[in-house]
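So the chains spell out like this:
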Amino acid sequence: MELLKLIRQPWPWYVAGSLIGLTVPALLLIGNKSFGISSSLRHICAACIPANIPFFKYDWKHEIWNLVFVAGILIGGFLAGQFLANPEAVQISPQTVADLKALGIQDFSGLMPGDIFNVANLFTLKGLVFFVLGGFLVGFGTRMAGGCTSGHSIMGISNLQWPSLVATCCFMAGGFAMTHLILPHLMKLF
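Residues numbered from 1 in each chain as written. Predicted model: local features only at pLDDT ≥ 70, side-chain atom pairs only at ≥ 80, totals over all residues. Heavy atoms only, no water.

- For the protein chain, the name recorded in an unreviewed UniProt entry is YeeE/YedE family protein, with Larkinella humicola as its organism.
- The Sequence similarities (unreviewed entry) field of the UniProt record for the protein chain holds the comment "Belongs to the TsuA/YedE (TC 9.B.102) family."
- Under the Subcellular location (unreviewed entry) heading, UniProt states for the protein chain: "Cell inner membrane". (UniProt positions renumbered as here; feature names shortened; annotations may be inferred.)

And the structure:
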């Protein structure tokens, strides 16, 4: 039972980060594969949409490992959430709590603020903006950048790819701008 107790506790950043970082050489050594999550959406669309769209006309079966990898992430996340959840409350810095309360967020009972991330919000104007428009913008940006944060920041930078460094800097700048310049105004609108 000691192993289960160890797994349930939050891991230090240097352990979790190292394990994530080790996926890069493992994927390269196992089959010259590159790590990234956003490409799996293209593979799913190519497999499920029989339209005559040139972007989806390729041998998606060659990339089936990527779909299995993403399915493993989803299943692992579900199992961890159901059976390995840390029973203690999520620890958030008091400054972050104060900043979020200033934006009108009051529910800190889960991993994500319940004031924003709940099923009831899906059918409101706030939900439309945050989830639908936000999801579209993230997908568009991912396509425009040629990959997502995991592909560029983990795989690309470790392979010393200049475009990945530029993309990662842009991801960070965009995140900072959204958090400090745009989100406060969006929260006041709803």
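## Considerations on the environment of Phe56
Working step 1: Along the chain, the position of Phe56 falls in the loop between helix H3 (39-48) and helix H4 (64-83).
Working step 2: Leaving out residues up to four positions away in the same chain, Phe56 has contacts with Arg42, Cys45 and Ala46. (Helix = DSSP H or I, 4+ residues; strand = E, 2+ residues; numbered from the N terminus. Contact = heavy atoms within 4.5 Å.)

## Quick word on the packing of helix H7 (residues 149-158) against helix H8 (residues 162-189)
Working step 1: H8 packs onto H7 with a crossing angle of 135° between their chain directions and a minimal axis gap of 9 Å. By the angle between their axes, H7 is oblique relative to H8. Crossing angle aside, the handedness with which H7 passes H8 is left-handed. Note on element contacts: H8 touches H7 through Pro163, Ser164, Leu165, Ala167, Thr168 and Phe171, opposite Thr149, His152, Ser153, Gly156 and Ile157.
Working step 2: For the contact of H7 with H8, the per-class residue count stands at five nonpolar, six polar and no charged. (Axes fitted to C-alpha atoms, helices over the stretch in contact; angles between N-to-C directions. Parallel < 35°, antiparallel > 145°, perpendicular 65-115°, else oblique. Left-handed = near helix turned anticlockwise from the far one by under 90°. Nonpolar A, V, L, I, M, F, W, Y, C, P; charged D, E, K, R; others polar.)

## Quick word on H4
One full turn of an α-helix is made of 3.6 residues, so residues set three or four places apart face in the same direction.
Working step 1: End to end, H4 covers 28 Å across 20 residues, agreeing with the expected 28 Å (1.5 Å per residue, within 8%).
Working step 2: What H4 keeps buried is the set Trp65, Asn66, Leu67 and Val70. (Expected span 1.5 Å × (residues − 1). Buried < 20%, exposed > 50% of the residue type's maximum accessible area, 1.4 Å probe, protein only.)

## Brief notes about the UniProt feature "transmembrane region" (unreviewed entry) in the protein chain
Working step 1: Per the UniProt record, "transmembrane region" (unreviewed entry) is found at residues 12-30, 64-85, 119-141 and 162-183.
Working step 2: Within the segment residues 12-30, helix and strand shares are 95% and 0% respectively, and the terminal C-alpha atoms sit 27 Å apart.

## Quick word on the domain arrangement of the protein chain
Working step 1: Considered domain by domain, the protein chain is made up of domain 1 (1-85) and domain 2 (116-189).
Working step 2: Between domain 1 and domain 2, the contact holds ten residues from the first and ten residues from the second.
Working step 3: With both sides pooled, the region where domain 1 packs onto domain 2 buries about 730 Å², and carbon together with sulfur makes up 77% of that total.
Working step 4: Per-residue buried area on domain 1 facing domain 2 is highest for Val24, Phe35 and Ser38; these three make up 57% of the total on that side.
Working step 5: For the pair domain 1 and domain 2, the interface holds zero salt bridges.
Working step 6: At the junction of domain 1 and domain 2, the tally comes to two residue pairs in polar contact (both at pLDDT 80 or more).
Working step 7: Considered class by class, the residues forming the side of domain 1 that touches domain 2 number six nonpolar, three polar and one charged. (Domains from an automatic or database assignment. Buried area = accessible area lost by both parts, 1.4 Å probe. Salt bridge = Lys/Arg side-chain N within 4 Å of Asp/Glu carboxyl O. Polar contact = N/O pair within 3.5 Å; in protein donor to acceptor, adjacent residues only side chain to side chain.)

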